[in-house]
Amino acid sequence: MGPGQCREAEGRRLDFLDTASMGAAYSAFVLLMQPSRAAIQALADEVGRVLRPGARFAVLDMDHSRSTVLARRPAAEGEQITVEVGDTEIHDYYWLPETYTEILAKAGFADVRVEWLTWEGTADPALFSWRDRAPGPVTCSLVVLSGTRR
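Nothing here was measured: the structure is a model prediction, and the numbers come from that model. (Residues numbered from 1 in each chain as written. Predicted model: local features only at pLDDT ≥ 70, side-chain atom pairs only at ≥ 80, totals over all residues. Heavy atoms only, no water.)

(A) View of the pairing of strand β1 (residues 22–28). Bridging between β1 and strand β2 (residues 51–62) involves 6 bridges; their strand directions are parallel. Within β2, the residue paired with alanine 25 across the bridge is phenylalanine 57. As for the winding sense of the linkage, the β-α-β connection from β1 through helix α1 (residues 37–50) to β2 is right-handed. (Pairing = 2+ DSSP bridges. Helix = DSSP H or I, 4+ residues; strand = E, 2+ residues; numbered from the N terminus. Right-handed = clockwise from strand over helix to strand, strands pointing away.)

Next comes the structure, spelled out in C-alpha cells:
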C-alpha cells in the first residue's frame, strides 16, 4: 500500500496487509467499541501480525474510569455503556487502560506506555459547547497507549 492510500478493514482482520509489512499503526476510539476482551485481543494480535519488529502501535481511547461524563459507573469491566454528548448517544464498552496494557503485552508489544490527557487544552473549546448544558464540571479523560512490536 502506497502513501496516501486507505483501506477499510473487514471485521478484525487486515488481510490486505502482509505479515511484518508496516512500520507503525494507530487506532483511535476503536478498542472501546469492542464487546469483549477476546475481540480486543484479536485486534491487537492482528496489528501485531502486520507490524515489523520495532514498529510502534499507538492507541487513543477514553478512560471512562477518570471521566465525569458517565452518570453512574458500570458494575463491571466490559459492560456496555451509553455516553450522552449533547443530543447524541454513544454506545461503547467500559474497558480500563490496565486491560489494554495486558492485551498489548500478550499480543507481543513491549515498552507499553500509558499517558492520560484531558479535553481541556487539546482542541478548540467550541467543539465542546455541549458541556455548558451539563450540570457541574465535566471532565473526560483520554488515554494514549503505545507499545513496540517485539
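(B) Representation of α1 in the model. Its 14 residues give α1 an end-to-end C-alpha distance of 20 Å, which sits within 8% of 20 Å, the value for a rise of 1.5 Å per residue. Those residues of α1 lying buried are Ala39, Ile40, Gln41, Leu43, Ala44, Glu46, Val47, Gly48 and Val50. (Expected span 1.5 Å × (residues − 1). Buried < 20%, exposed > 50% of the residue type's maximum accessible area, 1.4 Å probe, protein only.)

(C) Layout of unusual backbone geometry. In the Ramachandran plot, alanine 20 falls in the positive-phi region, its phi being about 55° despite a non-glycine side chain. Inspection of the secondary structure puts alanine 20 in the segment before β1. The class for alanine 20 is partly exposed, based on a relative accessible area of 33%. The phi dihedral of phenylalanine 29 is positive, around 55°, even though this residue is not glycine.

(D) The arrangement of the packing of α1 against helix α2 (residues 97–106) in detail. At a minimum axis separation of 9 Å, α1 and α2 run at an interaxial angle of 45°. What the angle tells us is that α1 and α2 run oblique. Note that α1 runs across α2; the crossing there is right-handed. Of α2, the residues touching α1 (which contributes Arg37, Ile40, Gln41 and Ala44) are Thr99, Tyr100, Glu102, Ile103, Leu104 and Lys106. Of the residues in the contact of α1 with α2, the class split is 5 nonpolar, 2 polar and 3 charged. (Axes fitted to C-alpha atoms, helices over the stretch in contact; angles between N-to-C directions. Parallel < 35°, antiparallel > 145°, perpendicular 65-115°, else oblique. Left-handed = near helix turned anticlockwise from the far one by under 90°. Contact = heavy atoms within 4.5 Å. Nonpolar A, V, L, I, M, F, W, Y, C, P; charged D, E, K, R; others polar.)

(E) The arrangement of the pattern of salt bridges in detail. Scanning the model with the defined rule gives 8 salt bridges in all. As a salt-bridge pair, glutamate 77 and arginine 37 come within 3.8 Å of each other at their nearest N and O atoms. Note that glutamate 77 is positioned in the loop between β2 and β3 (80–85) and arginine 37 in helix α1, a separation of 40 residues in sequence. Arginine 37 gets classed as partly exposed once you look at its relative accessible area, which sits at 33%. Of the charged contacts in the structure, one is a salt bridge between aspartate 63 and arginine 66, with a shortest N-O distance of 3.6 Å. The network of salt bridges with common partners includes Arg13, Asp15, Glu46 and Arg49. (Salt bridge = Lys/Arg side-chain N within 4 Å of Asp/Glu carboxyl O.)

Everything listed here is a matter of coordinates, which is why it stays silent on function.
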